[in-house]
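Secondary and tertiary structure notes
Now for the letters of each chain:
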Amino acid sequence: MAEEVVVLGFWASMFAMRVKVALAEKGVEYEYREEDLPNKTSLLLEMNPVHKKIPVLIHNGKPVCESANIVQYIDEAWKDRGPSFLPCDPYQKAQARFWVDYIDKKLYEAGKNIWTTKGEEQEAAKKEILEILKLLEGELGDKTYFGGESFGFVDINLVTFYCWFLTYETIGNFRIEAECPKLIAWFKRCMLKESVSQTLPDPKKVYEFCLFLQKYFGVE
Amino acid sequence: MAKSDVKLIGAWPSPFVLRAQIALNLKSVEYEFLEEALGSKSELLLKSNPVHKKMPVLLHHDKPICESLIIVEYIQEVWASSGPSILPSDPYERAIARFWAAYVDEKWFPAMKGILGAQDDEARKAAVAQVAEGLALLEEAFQKISKGKSFFGGDHIGYLDIAFGGFLGWLRVIEGMGGIKLLNETETPGLLKWADDFAAHPAVKDVLPDTEKLAEFSKVVIAKLRAAAAAPAK
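Going by the annotation in an unreviewed UniProt entry, the name recorded for chain B is Glutathione S-transferase, with Rubus argutus given as the source organism. According to the UniProt record, the Sequence similarities (unreviewed entry) comment for chain B reads "Belongs to the GST superfamily. Tau family." Heading Function (unreviewed entry) of the UniProt record for chain B holds this comment: "Is involved in the conjugation of reduced glutathione to a wide number of exogenous and endogenous hydrophobic electrophiles."

As annotated in an unreviewed UniProt entry, chain A is glutathione transferase from Rubus argutus. In its Catalytic activity (unreviewed entry) section, UniProt records this for chain A: "RX + glutathione = an S-substituted glutathione + a halide anion + H(+)". As recorded by UniProt, the Sequence similarities (unreviewed entry) comment attached to chain A reads in full: "Belongs to the GST superfamily."

This is the structure we're talking about:
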């Protein structure tokens, strides 16, 4: 059956990247459409009327929204293609979902606070992001991936933040690797995977984009 | 399975704890309810959920599972053979159910808290409008998803019924406080009937907190929310 898969995204969005990595992992072909966020297309507004945000996966005309939700959907809809993102064991599954939920609740905000604040607030944001990453590093332990031997749900949802690290480090004037060497090693390991390296943009381009955003948001 | 193999750390007023209780009931799982003393956190809770220090926490063979919606999915997966499935079998329908449950947690619940924590009438009115807007979206979702049946899950209570239904007691408290009918025949006819069916369901009726008792307790919550709002920004 001819399948139609469309992804509405934005090149610098770590959330949109999650969807692309997941589809690449499953070997699913899709059409990618870049949204100009200040001028959202009518398709985006129609497909995600509640949040009006990217990414949106449109599978045979039906939209799926919210990136972690989309990644789970991809895992389930194409379960015959390659290994499952989520472990089989219910307890391990719950743990994977817990950590993705944690990442969603904490990481983006902490990162954003680094480039939207100054002085004391920025110092607090730096401290926070390091705490979050250290906790995740502890969870990784000595495993190859968060999913154990296979690149899985937590890996997919976390790895896409890597291209923003140069931005956080440059603007915040600190080094993440010094505090979280094992986690950085894991990020680099993931970058060896085509699904990741072909998806993540050049961190320098992300940094330039962030400088533009700072002007746009009026951050000095 | 021995009752002590399954424990739930919670407190009776919490809509999140209620979700876990309903799911356990749906699967006819016997469990020990470890009631947290209100206003303080037990050693066990802090040890079981060091990251968020929040309830509910499900302890299965002493292994903790945290976050109410994650707990509900876990219960479905472990006790899949008991009772009807909490999640739809179709991946797309599952994605829709998860989407709306996330909406309830991320957008609708904060608006509900906004009503309780409102410092003045204007703020309360604005929060009520937000909650009503959310209910309109949920009504539309209900009409689409239920396909004419009693619940979001169809004939049986499902994931989204549990996610949203956990708040039913609080919704009724807020209606009572303001003398408003947030669920009503004109704007939310589907949800109005759904609420009664949900509250009467055997897995729900014995654990849904009594509205009056919850209203009394809400005074504590309101005081806390107002104090937090009045505190200087970090």
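Back to the write-up after that little detour.
Here's the deal with the interface of chain B and chain A
Think of interface size as the accessible area that goes away when the parts come together; that is how it is often given. Each side of the interface is counted separately: chain B has 25 residues, and chain A has 25 residues. Between chain B and chain A lies a buried interface of about 2200 Å² when both sides are counted; carbon and sulfur atoms form 66% of it. Area buried by chain B at its contact with chain A is led by I70(B), Y92(B) and F99(B), which between them contribute 27% of it. Across the contact surface, chain B and chain A share 6 salt bridges. Two residues, R98(B) and E76(A), come together in a salt bridge whose shortest N-O distance is 3.1 Å. Put simply, chain B and chain A have 8 residue pairs in polar contact (both at pLDDT 80 or more) between them. With 11 residues, helix α4 (residues 91–117) of chain B is the single largest residue contributor to the side of chain B that touches chain A. Tallied by class, the residues present in the side of chain B that touches chain A amount to 15 nonpolar, 2 polar and 8 charged.

Description of the confidence of the model for chain B
In the predicted model, chain B carries a mean pLDDT of 94, and the fraction of residues at 70 or more is 97%. For this predicted complex, the interface confidence reaches an ipTM of 0.95, while the overall pTM sits at 0.96.

Re a positive patch on the surface
A grouping of K41(B), K53(B), K54(B), K113(B) and K224(B) is seen on the molecular surface, where their side chains present a positively charged patch. Structurally, K54(B) can be placed in the loop between α2 (43–48) and β3 (57–60).

Overview of the pairing of strand β2 (residues 31–34) of chain A
In the case of a regular strand, side chains alternate between the two sheet surfaces. All names here are of chain A. In terms of strand pairing, strand β1 (residues 5–9) meets β2 through 4 bridges, oriented parallel. Residue pairing in the sheet places G9 in a bridge with E34 of β2. Running through helix α1 (residues 14–25), the crossover from β1 to the neighbouring parallel element β2 is right-handed.

Some remarks on the UniProt feature "domain: GST N-terminal" (unreviewed entry) in chain A
UniProt's feature table lists "domain: GST N-terminal" (unreviewed entry) at residues 3–82 of chain A, given in the numbering used throughout. What you have in residues 3–82 of chain A is 36% helix and 21% strand, and the ends, taken at the C-alpha atoms, are 18 Å apart.

What about the pattern of salt bridges?
Throughout the structure, instances matching the rule amount to 26 salt bridges over all chains. For K26(A), the salt bridge goes to D75(A), with nearest N and O atoms at 3.1 Å. Placement of K26(A) in the loop between α1 and β2 and of D75(A) in helix α3 (residues 67–77) is noted, with a sequence separation of 49 residues between them. A relative accessible area of 4% means that K26(A) is categorised as buried. One salt bridge in this structure joins R94(B) and E76(A), with 3.1 Å as the shortest N-O distance. A residue pair is termed interchain when its members come from two chains, as with R94(B) in helix α4 and E76(A) in helix α3. Take R94(B) and E76(A): they sit in the same class, and that class is buried. Look at the salt bridges and you will find they share partners, linking E76(A), K93(A), R97(A), E73(B), E77(B), R94(B) and R98(B) into a network.

Description of the packing of aromatic side chains
A ring pair, where both rings are aromatic, is described by two values, the distance of the centres and the angle of the planes. If you walk through the whole model with that rule in mind, you get 36 aromatic pairs over all chains. When the centroid spacing of 6.1 Å and the interplanar angle of 50° are considered together, the rings of W115(A) and F217(A) count as tilted. Of this pair, W115(A) sits in helix α4 (residues 90–116) while F217(A) sits in helix α11 (residues 203–217); the two residues are 102 residues apart in sequence, bridging distant segments of the chain. Of the residues examined, W115(A) reaches a relative accessible area of 4% and is grouped as buried. Residue F217(A) is classed as partly exposed on the basis of its relative accessible area, which comes to 49%. With a centroid separation of 5.3 Å and 75° between ring planes, the pair formed by W100(B) and Y103(B) is classed as edge-to-face. Here W100(B) pairs with Y103(B), and both are found in helix α4, just 3 residues apart, close to one helical turn.

Analysis parameters
Residues numbered from 1 in each chain as written. Chains lettered and ligands numbered in written order. Predicted model: local features only at pLDDT ≥ 70, side-chain atom pairs only at ≥ 80, totals over all residues. Heavy atoms only, no water. UniProt positions renumbered as here; feature names shortened; annotations may be inferred. Contact = heavy atoms within 4.5 Å. Buried area = accessible area lost by both parts, 1.4 Å probe. Salt bridge = Lys/Arg side-chain N within 4 Å of Asp/Glu carboxyl O. Polar contact = N/O pair within 3.5 Å; in protein donor to acceptor, adjacent residues only side chain to side chain. Helix = DSSP H or I, 4+ residues; strand = E, 2+ residues; numbered from the N terminus. Nonpolar A, V, L, I, M, F, W, Y, C, P; charged D, E, K, R; others polar. pLDDT = per-residue confidence, 0-100. Patch = residues over 30% accessible without salt bridge, like charges linked within 9 Å, V, L, I, M, F, W, Y side chains within 5 Å. Areas by Shrake-Rupley, 256 points an atom, 1.4 Å probe, with all protein chains shown as cover. Lys, Arg positive; Asp, Glu negative; His and termini not counted. Charge placed at Lys NZ, Arg CZ, Asp CG, Glu CD. Pairing = 2+ DSSP bridges. Right-handed = clockwise from strand over helix to strand, strands pointing away. Buried < 20%, exposed > 50% of the residue type's maximum accessible area, 1.4 Å probe, protein only. Phe/Tyr/Trp six-rings, centres within 6.5 Å; stacked < 30°, edge-to-face > 60°.

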